[in-house]
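Coordinate analysis (summary)
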Amino acid sequence: VVKPSLEVLDRFKTILRRGEFLLDPRKGWGGKFGGFEGDMTFQGILPYYYEMVAPEGEHNEIELDRCIYNQMADNPRKSTHRFPRATPLDPEKMGFSDTTKCRDGREDCSDTDCQRVHPRDSVTAHFTFCHKPWDCSDGLPGTVAHETCSVLLREWYG
């Protein structure tokens, strides 16, 4: 959710026109904000702007609850699988499990366990984790996220 002033919008345009995204090697916006999915998009330029470009005293941003705004039904914990995964209902059958380590580096990340937040409690959704509706996703069966993903996918076609 963003509502910048025209002055801030002009700063974003300047960043884009100057091409401040370093691609080879891929270091991202200003050479510091990259290396993750979506880094070339709004997901990368926004932190770059507010952490590196915005003038002192103009930092009026707030971090919203990502389970409510931008709900992805994702698991906050690292997985024994090489990619982040939803918590398996039967780890032995699925072949992977959660670790106790939080993906964001905090000691306790139970406050961002979005896979357990029902979509009715969310304002916006992001289909990266549950997969895109037009790809005929099955909503991550066998995981805690299955119910949340299934509801998000039904809402898309609702």
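Quick note: structure is the one above.
Residues numbered from 1 in each chain as written. Predicted model: local features only at pLDDT ≥ 70, side-chain atom pairs only at ≥ 80, totals over all residues. Heavy atoms only, no water.

1. Quick look at the state of the cysteines
Counted by the stated rule, this structure contains 3 disulfides. Disulfide pairing is shown between Cys67 and Cys114; the S-S distance is 2.0 Å. Classification of the bridge connecting Cys67 and Cys114 rests on its S-S torsion, roughly -80°, and on that basis the disulfide is left-handed. One end of the pair, Cys67, is in the loop between α2 (42-53) and β3 (77-79); the other, Cys114, is in the loop between β4 (98-102) and α4 (145-157), and 47 residues separate them in sequence. Neither Cys67 nor Cys114 differs from the other in exposure class; each is buried. Between the sulfur of Cys130 and that of Cys149 lies a disulfide, 2.0 Å long from S to S. Disulfide Cys130-Cys149: the torsion about the S-S bond is -75°, which places it as left-handed. Of this pair, Cys130 sits in the loop between β4 and α4 while Cys149 sits in helix α4, and the two are 19 residues apart along the sequence. A single burial state applies to Cys130 and to Cys149, both of which are buried. Look at the protein chain and number its bonded cysteines as they come in the sequence; the links are 1-4, 2-3, 5-6. There is no disulfide at Cys136, and the cysteine sulfur nearest it, in Cys130, is 15 Å away. (Disulfide = S-S within 2.5 Å. Helix = DSSP H or I, 4+ residues; strand = E, 2+ residues; numbered from the N terminus. Buried < 20%, exposed > 50% of the residue type's maximum accessible area, 1.4 Å probe, protein only.)

2. Section: the packing of aromatic side chains
Tallied over the entire structure, the rule returns 7 aromatic pairs. Measuring from centroid to centroid gives 6.4 Å for Trp29 and Tyr48, while their planes differ by 25°, and the two rings are stacked. Residue Trp29 is found in strand β2 (residues 28-29), and its partner Tyr48 is found in helix α2; the two are separated by 19 residues along the sequence. On the basis of relative accessible area, Tyr48 is assigned to the buried category, the value being 8%. Three or more aromatic residues joined by ring pairs form one cluster here, namely Phe21, Trp29, Phe33 and Tyr48. (Phe/Tyr/Trp six-rings, centres within 6.5 Å; stacked < 30°, edge-to-face > 60°.)

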